[in-house]
Structure formats: C-alpha cells, structure tokens
Amino acid sequence: MRAPRPRATALALLSLSLLAGTVAGLPVTPAAHASTAHASATHTSVAQAPAATIVTYDFESGPQGWEPRGSGVSVATTPDAAHGGARSLLTTGRTDTWHGAAVTPPFEKGVTYEVSAWARAAAGQESSTVALTVQRTPAGGEAVYERVAAATVTDSAWVRLTGTYTYTADSALSLYAESSVATVAFHLDDIVVTADTDPARSGLTSDFETGTAEGWTSRGGAVLTAEADSAHDGAYGLGVTDRQASWDGPSRTVLGKLAKGSKYDLSVWVRSATAQSVSLSIERRSGETPSYDRVAGPRALAAGEWTRLAGTYLPAHDVDFLSVYVESAEGTAPFAVDDFRLAYIEPKPVQTDIPSLKDTVPFTIGAAFYRGATLGEHAKLITKHYESVTPGNSLKWDATEPAEGEFTFAEGDHLVDWATGNGLRVRGHTLVWHSQTPAWVFEGATKEVLLRRMENHIRAVMGRYKGRIDTWDVVNEVVDENRPDGLRRSPWFEIAGLDYIRTAFRVAREVDPDATLVINDYNTEFPRKRQALYDLVAKLRAEGVPIDAVGHQLHVNVEQPPASYIEDTIEKFAGLGVEQQVTELDVSVYTDFVSSYETVPAEVLALQGHRYREIFDVFRRQAEHLSSVTIWGVADDATWLSTFPIARLNPPLPFDDELQAKPAYWGIVDPSRLPPLVRSLDVPAGTVRVDGKRDGEWDLLPGAPVPRVGGLSATWQARVAPTGASGGLYVLAEVVDATGDREDTVTFTVDGTPYRVRRGGTHAHGFKAHTRPTATGYRVEALLPLRAGTGTTADARVVVDDATGGETSWTGRLTFVPAVRTALAPRGAPVVDGVAEAAWNRAPEIVTGTRVQGASGATARVRAVWNAGVLYVLARVTDPVLSEESPDAWSQDSVEIFVDPQNNKTRGYDDDDGQYRVSFTGRRTVGGTFDAFAVRDNLTAAAVRTSGGYVVEAAIRLPTVTLARDTLLGFDVQVNDATGAARTAAATWSDPTGRGYVDTSRWGVLRLVP
C-alpha cells in the first residue's frame, strides 16, 4: 500500500498519556466530604432484567480507568484476591471515609442503570460498609452525592453490591467506592453496568442550546465556552480557545454510547477564523494504553466558513475509556464547533442470495481486513465471499516491533487466529518497507547493523506465524522507475544497497521454507515500472535469491490505466517463471487527486462496474499465470482512499458502505447485470486523408480502447471536419484480430445511422473507407457523412466483429471540440538565465490566448526548444502589475508549463506528467501525482523583471522518454495574473477548461524538429 495509516504525533501521545491520569472524578476538598451526608440512592432494589450491558470492569488488564480518590490513596490490581478471574482492584492508603477508587461512568441522562459490584475487605481488615456513590455536579451547580448501593463487607468472603441509578439534569459524574471506616483497605471486582434501554443505539447530539458545554471537556488546557458567536445553527455553539497544542480541543466521552461491532455515523460542524485543517477522531484506552482512530479529516477549513466533518466508526476493541474529539493538524488557532451528532447505523444483513465471489473466479480471491471486519455482518461478508485475508496494518514493522526487540503481536494474533479459525488463508503484509518503519531501525545503522536488525525482525515475525501464514510480502515497493538503475533510494537501499533485498528473502526462506515469498510493488502495469521490476527480479533470481512470486498492487481508477497494460504486465512476468499475485486491488472513482463528490453519481458507479469487468476479464484470461487476487478492503466503509491523497468520498470496492453488492460486484460476477455504459469522447476538428495509411493527425491523440474479448480488441478515435469544410466525421479503428478473415467488420453507428466496413475492403455506398493489414490485425479509416459544429454532440457506437463469432463494442457520446493545437520545437540548448539568446530565434512563437479566468489580463509569448533529454521553454510575459502576496503559488503572477512526455492525454496525471510553475521572482513549484515525487526535481528556471512584465526561462528534464525528431509531447502553457492576494485572470495556449492542473486531455501537442 502506498500511503501509511494516520498516526498521532509523538507530542500528542505524550500529552494524552499525562492527561489520562486526571480523567476520573472531579477534585473536592476533604472537608466537604466529611460533612456531607450521602443522598439516598434513587433505587436500591434489583431492577428487572436489563436490555444491555454497558460496561464491565474485571481488572484483569489493569485498573481499567479507575483512579485514586483522595490524597495518599493508591489503587492497583492484585492477584491476592479475585472474585472472578485472577485479579481484583485493591484500594489502600485511605485516611478518610470518602477516600476510595473512582471512575467516570458511561451514564447518560434519563437512562436507568443497574450497577453491580463485588467487594471484600483486604486480609486482616475490619468489617465496614462499602458503598458505591455518584458525585454529580449539575451544570453551573454544586456537587451532590447520591448512593447507588452499599453492603457490609468483611475479609472472609466476597459480597455483592447492587442498585440502580438515574439522573435527569445535565451533570458531570464520578462513580466511586468508599468505606464507613476511614482506613480500611478493600477489594473490588467484576463491576457490571447494565441499562433498561440500550444507550449504544440511542445516539447522541450536542447543539449547545442549553448555553453549556453539554458534557464536552478540554483534552488539555483549551477553554470551552458556549456562546452565540460560535453558533452554526440556533443560538449557541461551542468556542474553543487558548489551545496549548494541535491535539488540544473539545472532547466528549462516548463510553457506553458505542458498542463493539456496531457501526455509527459521527459528524460535527467546525469553523475557524483562520485557514487550518481539522479532524474528528476517537481516543480509546484499554488499561493505560491509548490508541487513536481517525473518523473524518483532516479537512481544510476556509477562513470563516463552516465545514462539516463526517465519517463512520466501528468499535472493535474492549475498552475502558472512549471519547470523541476535534483536533487540528498543526498549530493552536482557536475554532468553534456545533451540531455534533452520533447515530447508530442499523446493519443491513449480508446478501445470501447472490453468488460468492470465491465461486466465480479460477484463482484464490481475498480481501484486506482489520479487527472491525471480524465482527457482525462484516465477518459474514468475508466468510461468504473470500478465501484469504491480508491484515492491512497489523503485521507491518511499526505495529509489530515499535522499539528494538520489543514485539507487540496482540493485533496480529487476533486477526490470524480469527482467520485460521474460520478456514481462511492468510497473506502476511509486509516484512520490509520504507514506510511505516520506526526511525530506530535506521538510526546509527551501518550496513551490518541494519541487516542484523532486519534479520531479527523477520525471524521473530515470520517465526511466530510459521505454518499459519502461507504467503508473505517480503519486500514492498523497492522500485523507482525514475532512477537510472530503477531502484528506490530508501534508507534500506542507501545503507545496504541491494543486499537488504537479498538478505530479506534468504532469511525468510530459512524461517519458513514452505511459505510463498513475494516482492510487491505498485504501478507495475505501467511500462517503465514494469520493465524496472522485471529487470530487478530477473537479476536477483539469476543470483539464486528465492523470489517465488511478484505482487502487483493495482491501485487503479475508473479510466486509467488501460486494462491492456495490466495484461501486458502479467504476460511479461510469465516469461520469468514466477508466480504472480494481485495484492491490493481497488478502483478509485476519481481520475485526479483533487476532485470530490458529495454523492458519487450512478453513472460513475456504473463505469466502475464495467472497469471491474474488464480487469477481471484480464485476470480470467491470465488465470494460468495468476494464483490469487486480493481486493484492498472488505467494503467501502473502510478504505484507505477515503483519506488518501485527500479526505473525500471514494468508494472503490465491490461492496458499499452497508455491505451490499454494487455494480463493481456484478462486474466481477455477472456483467449482464451491469447498467448500460455510456462513455464520452472528445472529437477535435481536423482533416484526414482517408487511405488506410494512418494519417499523422491520428498521432496527436491516443485511441479510445474498445475492450478485449478473447483475442479481439481495438482502439478508435475520430475527427470532425473543420467549420467551413465539407461536412463529415473522420474515424479510425486499429483492430487486433489475428484471424485474417475478410468478413471481419467494424461498424460505426453515429446518431442511429450504421456504417459498416469489412476487413476485405468493401462497405455500403454513401461514404468513403479504406482498410489495410497491420502486424496484429487491420486498420480502418473512413469519412462518415455527418454535419456538426464545435460544442455539439452525437451518440456513437463502434462494434468490432470477428467473423468467427467474437464481438466487442464501445458506446458513448461524442463532443465536438476545437482542433488539437500543435507547435514546433527545434533543437537548441540555451543558457537558463532569463535572457533570450540566439538559440531561441529558430523556435516559432505561440501565444497564451485562451482565457480560462477573467476577460483580460496578462499574456505570454512562448517558444520551446529541446536538446539531450531536456525541453527548454521561454515565456515573455506582458503584465505591468506584479504580486506574490498570496500564500498560494497559483494565485501569484507566474507561468505554468505543462508537459506530458508520452502525450497520453489522460483525464488525470501519469507519474511523469508535470505542472512546472515559475513566478516572476523565480520561485519554483512543481505539481504532479501524489507529491509530484517523479517530477519534482526536473525543473531548472530563472526569471527576470522587464519594464512591462517579466521573462521566464526554464529547462525541464524528461528522463522517461527519448527525445528525438518527430517526438510528440503533450504541452501547454498558462500565465497567471494576480491582483494583490488574489488571482484575477489566467490564460492558456491550448486547454480551455481551466483543469490543466489535474487533466492532460486538452493540452496541445509539441512536435520536436531538427
């Protein structure tokens, strides 16, 4: 997996561990207790059979949130006495009757609780009355003390205390145990709280309309104030000021409001006067160990605007502390919250009347899973559909060995035990990775030290699960195709070179000779990454390194990459004789890294279903080379793509948030159940010579793929005759079909009229067409009789028929757009200093005349040249008023140069596509996929002010392609015009959409010439 899971900062961990010591009970003076008689309990008789158990304290794992009450008091678990199990809670050091042990109880206003506890005096202590009491402090009022239960206790036997409790006014609560004899030491055990209704299903809201904090407290030193100025809706909201750290903010205990294995919707509205990112999270504790789970965010807040944080949460652990809180990503700026909502989600039963995935594919199919997925309907979904599971995070280095030699296997053990207990195979993920590896692994490490640490780790982790985990991702993501040698410069490689990979596989084989050992990576479907990994595996296997299998992650989206890339990769590695596995499959509904849906449109989910269909068609065709496919998640309610690369709704899996089958599921199981797919295709203006020889116009854009069926596939594209020319639609189809039958056909249907062309060259009268054989099949060029203008649309269908019975098709909507802009770049090698020397004179000039923002503003005259793997760009900008006031680079006066080295014209960025920005002062910023990791070092630039604007001169390295005569580069230039701190105008050379920063499909084309 490419991105690490969210983790709390070290500062937050430290501060929260300190905070944990002050959670229970409000401090009161001894005198107040000494002089206050306890109020009688609301009821002291045993209630009717309760509906739900809220919390149990058995003290087997520690004090479980119970803390001393009173100066000098100590509470600790001990094996000296136990009612049930092996330990109880012992209270000692008491010097007053109200001294004892206290906990913040999970009580909710208006609910009747039964509290049951077992007590006995410590050995040698005298008899006394031990009582359970609630100290209740109403909002804005004085503390009152309400007896829940009491009994006479000796050191000879356990005695049960039981009673009921309810309260009706908003209050802070502390439940505590005390004794009528001031110095008696006593034991408590098996404390159980039940309720007459189930609070874990009743939900919780906070709108602060009471004018109080309504049970919300600070996690640190923040001041919480219910006030009108902080209201999102209604009269009051909660202001959060004087924060001491990023994690400091409002917190609300929800222990008892959430039940393990149930799922909940949580949401809150947040506003900040300054821009910052905030999150909604859960803190849970078992004993003294805190853990943190992200529910929503981090979400960027626009200054002064309310933003809703929302997400789902499925508790999966036994806890004795549980709270929801709002924090910021960094800083201590104040913010306001309002209208918090927690709602129980009634689960939908897993569909039992649909085919199991595992019964429909000729290979092992699995899913990545987590503790929550071992409960309830999630568990039923896994056992119905999957044969194997992969723990997503619990076997990684940070989870299993956070400190050297200190191994933590509780989470891994739980998942492996559950899986094997349910007859599922387990894949281990992952032993060696550059991410989610603790810093100590590399600190002060020589090669010898690092390899020793790695060996110790592999022996410990693999050894623990030998015979239970049959496949391991031994090394993960070791390839960087942008390096000359194809190897990622991780700390592993920088310290140990290739020997870390060699050693990892050697040790893994020694530890478990029967396990399948995998080298796993992402983007292996792309040609450059494919080749780099292939070369590495071939080299290491030739040396005898025991690599059994190659893992292909396949984090893809609804449009890219083409399914044919995946098939090409599987076929290539088949030649190495290695087993192949798809290890982390998901299909994002986005083609870029910034877009976001409030609700994913039905047509996008349909497209996703057809995408799963074409991918699984590849898998089935390649089943002899593919042993397993693992889908990276159980259902859409828990996917890493909900927070990566940004927080957004992104349902990438076959089952939805409610565990119901989506079109993606039917794409795998029964494509006939899919809704019809309507694709879209931009058709530029252009003129083509129809002779079957493939006119050069077609090279400006890639063909749209027609899905492969058996050995039959195709690509196609179209051009509309320019305005003023004789009407017509030029079409091209490149067909892959080895049968050679003259009766094979391609039929183009436009707005209901079919035009059929036979492979043998014949077609119906009324249109012009030619066919020619190619190395893999045949080509069709035709001119269809159609009149259309820019901006209009037409419906189209392309059907490719094999005379032996095979058929594949493309159906969609054509949109007619202006011609693809083209420009020439001659060879030249200028000095990048902001001064236009003679090397630029041979380059034709282009102008940024396409307005994407504002009716007027800055423009640029641009030239391009190339030499030895470098593209040079010169932009002379006319802009008399210049500004860099905005903190956002795109809102400063600047020039952006867009380069798609392979001219793929995709709706998102490929890894080597780049957005290179240079401001008028020479400030450089680079955009691309993820953090522009593959292109961020490619730019060299200079800027010089002129009397009417500025000049930008840039050199952009393009290491992923070989620059030569007639090379075509996707290319565009945009000039940004700022006024003060805002961008007020922008103009491009080619792309009219304003989306060039995420979409390369409307860029122009730069042709390299001598």
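Everything that follows concerns the structure shown earlier in this document.
Rules used throughout
- Once a new chain begins, its residue numbering starts again from 1 and follows that chain's sequence as written.
- Totals for whole chains, interfaces and linings use all residues, but because this is a predicted model, local features are given only for residues with pLDDT of at least 70 and pairs of side-chain atoms are given and counted only at 80 or more.
- Side-chain metrics rest on all non-hydrogen atoms present in the structure, leaving aside hydrogens and water.
- Secondary structure elements are defined from DSSP: runs of H or I of at least 4 residues count as helices, runs of E of at least 2 residues count as strands, and each element is numbered from the N terminus.
- Three exposure classes are used, based on accessible area relative to the maximum for each residue type with a 1.4 Å probe and protein chains only: buried under 20%, partly exposed in between, and exposed over 50%.
- By the convention used here, residues are in contact when the closest approach between their heavy atoms is within 4.5 Å.
- Where accessible areas are quoted, they stem from the Shrake-Rupley method and a 1.4 Å probe; at the residue level, only the protein chains shown are allowed to cover.
- Note on charges: Lys and Arg go in the positive column, Asp and Glu in the negative column, and His and the chain ends are not counted at all.
- To locate a charge, take NZ of a lysine, CZ of an arginine, CG of an aspartate or CD of a glutamate.
- One speaks of a salt bridge when a side-chain nitrogen belonging to Lys or Arg is within 4 Å of a carboxyl oxygen belonging to Asp or Glu.
- Paired strands, as defined in this entry, are two strands with at least two bridges between them according to DSSP.
- Axis angles are defined between N-to-C directions and span 0 to 180 degrees, where every axis is a line fitted to C-alpha atoms and, for a helix, only to the segment in contact.
- Here the word oblique covers every angle except those under 35 degrees (roughly parallel), over 145 (roughly antiparallel) and from 65 to 115 (roughly perpendicular).
- Helix crossings get a hand from a simple test, with the near helix turned counterclockwise from the far one by less than a right angle marking a left-handed crossing and a clockwise turn marking a right-handed one.
- In the scheme used here, Gly and all other residues not listed as nonpolar or charged are polar, with Ala, Val, Leu, Ile, Met, Phe, Trp, Tyr, Cys and Pro taken as nonpolar and Asp, Glu, Lys and Arg as charged.
- Under the convention used throughout, the expected extent of a helix is 1.5 Å for every residue step, that is, one less than its residue count.
- It is the directions from the helix axis to the C-beta atoms that the arc portrays.
- Take the buried Ala, Val, Leu, Ile, Met, Phe, Trp, Tyr and Cys residues and link them wherever side-chain atoms come within 4.5 Å; each set so joined is a nonpolar core.

Draft legend 1. Inspection of the overall build of the protein chain at higher detail. When helices and strands are tallied, the protein chain shows 13 helices and 54 strands. Dimensions of the protein chain along its principal axes, counting C-alpha atoms only, are 105 × 70 × 60 Å. Burial status across the protein chain gives 55% buried among its 1010 residues. Taking as baseline every contact in the protein chain between residues at least 6 positions apart, the subset at least 24 positions apart corresponds to 72%. Surface accessibility of the protein chain: about 38900 Å² in total, with carbon and sulfur atoms responsible for 49%. Between the averaged position of the 95 positive side-chain charges in the protein chain and that of its 124 negative side-chain charges there is a distance of 6 Å.

Draft legend 2. Highlighting the pattern of salt bridges. Taken as a whole and assessed by the stated rule, the structure comprises 53 salt bridges. Note that Glu510 is salt-bridged to Arg506, the shortest N-O span being 3.0 Å. Placement of both Glu510 and Arg506 in helix H9 (residues 499–511) is noted, with a separation of 4 residues, approximately one turn of the helix. With a relative accessible area of 43%, Glu510 lands in the partly exposed category. On the basis of relative accessible area, Arg506 is assigned to the partly exposed category, the value being 37%. Across the pair Arg509 and Asp548 runs a salt bridge, and its minimum N-O distance is 2.6 Å. Within this pair, whereas Arg509 is found in helix H9, its partner Asp548 is found in the loop between helix H10 (527–542) and strand S28 (549–552), the two being separated by 39 residues in sequence. The network of salt bridges with common partners includes Lys447, Asp499, Arg502, Lys539 and Glu543.

Draft legend 3. Looking closely at the sheet that holds strand S34 (residues 712–720). With respect to topology, 5 strands assemble into an open sheet ordered S33-S34-S35-S39-S38, the strand pairing being antiparallel. Only two strands of the sheet have a single neighbouring strand rather than two, namely strand S33 (704–709) and strand S38 (768–773). Shown here is a sheet whose adjacent strand axes are inclined to one another by a mean of 15 degrees, direction ignored.

Draft legend 4. Here's a closer look at the packing of helix H7 (residues 447–464) against H9. Where H7 contacts H9, the two axes come as close as 9 Å, and the packing angle between them is 30 degrees. Here H7 is positioned roughly parallel relative to H9, judged by the angle of their axes. Judged by the twist between their axes, the crossing of H7 over H9 is right-handed. Contact residues: H7 offers Lys447, Leu451, Met454, Glu455, Ile458, Arg459, Met462 and Gly463, while H9 offers Asp499, Tyr500, Thr503, Ala504, Arg506, Val507, Ala508, Glu510 and Val511. Among the residues forming the contact of H7 with H9, the class breakdown is 9 nonpolar, 2 polar and 6 charged.

Draft legend 5. Examining helix H11 (residues 563–574) more closely. An ideal rise of 1.5 Å per residue puts 16 Å on 12 residues; H11 measures up with 17 Å between its terminal C-alpha atoms. What H11 keeps buried is the set Ala563, Ile566, Glu567, Thr569, Ile570 and Phe573. When H11 is viewed along its axis, its buried side chains cluster within an angular range of 155 degrees and face the same direction. The secondary structure elements touched by the buried residues of H11 are H10, S28, strand S30 (579–588), helix H12 (602–621) and S33.

Draft legend 6. Representation of the sheet that holds strand S2 (residues 67–69) within the structure. With respect to topology, 5 strands assemble into an open sheet ordered S2-S5-S10-S7-S8, the strand pairing being antiparallel. Two strands lie at the open edges of the sheet, namely S2 and strand S8 (144–153), each paired on one side alone. On average, each strand axis in the sheet is inclined to that of its neighbour by 25 degrees, with strand direction left out of account. Of the strand pairs in this sheet, strand S5 (residues 100–103) and strand S10 (residues 171–179) are connected by 3 bridges, and their pairing is antiparallel. Paired with Val103 across the strands is Leu175, a residue of S10.

Draft legend 7. Spatial organisation of the side chain of Thr516. Its location among the elements puts Thr516 in strand S27 (residues 516–521). Apart from the residues lying within four places of it in its own chain, the contact partners of Thr516 are Asp470, Thr471, Trp472, Asp548, Ala549, Glu579 and Gln581.

Draft legend 8. Representation of the environment of Val361 in the model. Topologically, Val361 is positioned in the loop between strand S22 (335–345) and strand S23 (364–369). According to the relative accessible area criterion, Val361 is buried, its value standing at 11%. Sequence-distant contacts of Val361, defined by excluding residues within four places in its chain, comprise Phe616, Arg620 and Ile668.

Draft legend 9. Representation of the nonpolar core within the structure. By size, the foremost hydrophobic cluster in this structure holds 102 residues, and its most contacted members are Trp472, Tyr500, Ile519, Phe616 and Phe619. When sequence neighbours within four positions are dropped, the list of residues in contact with Ile519 reads Val475, Val478, Phe505, Leu533, Leu536, Val537, Ile547, Ala549, Val550 and Gly551.

Draft legend 10. View of unusual backbone geometry. Backbone torsion omega between Gln560 and Pro561 reads -10 degrees, so that peptide bond is classified as cis. With respect to the element layout, Pro561 can be found in the loop between strand S29 (555–557) and H11. A positive phi angle, near 60 degrees, is found at Leu554, a position not held by glycine. For Leu554, a relative accessible area of 2% translates into the label buried.

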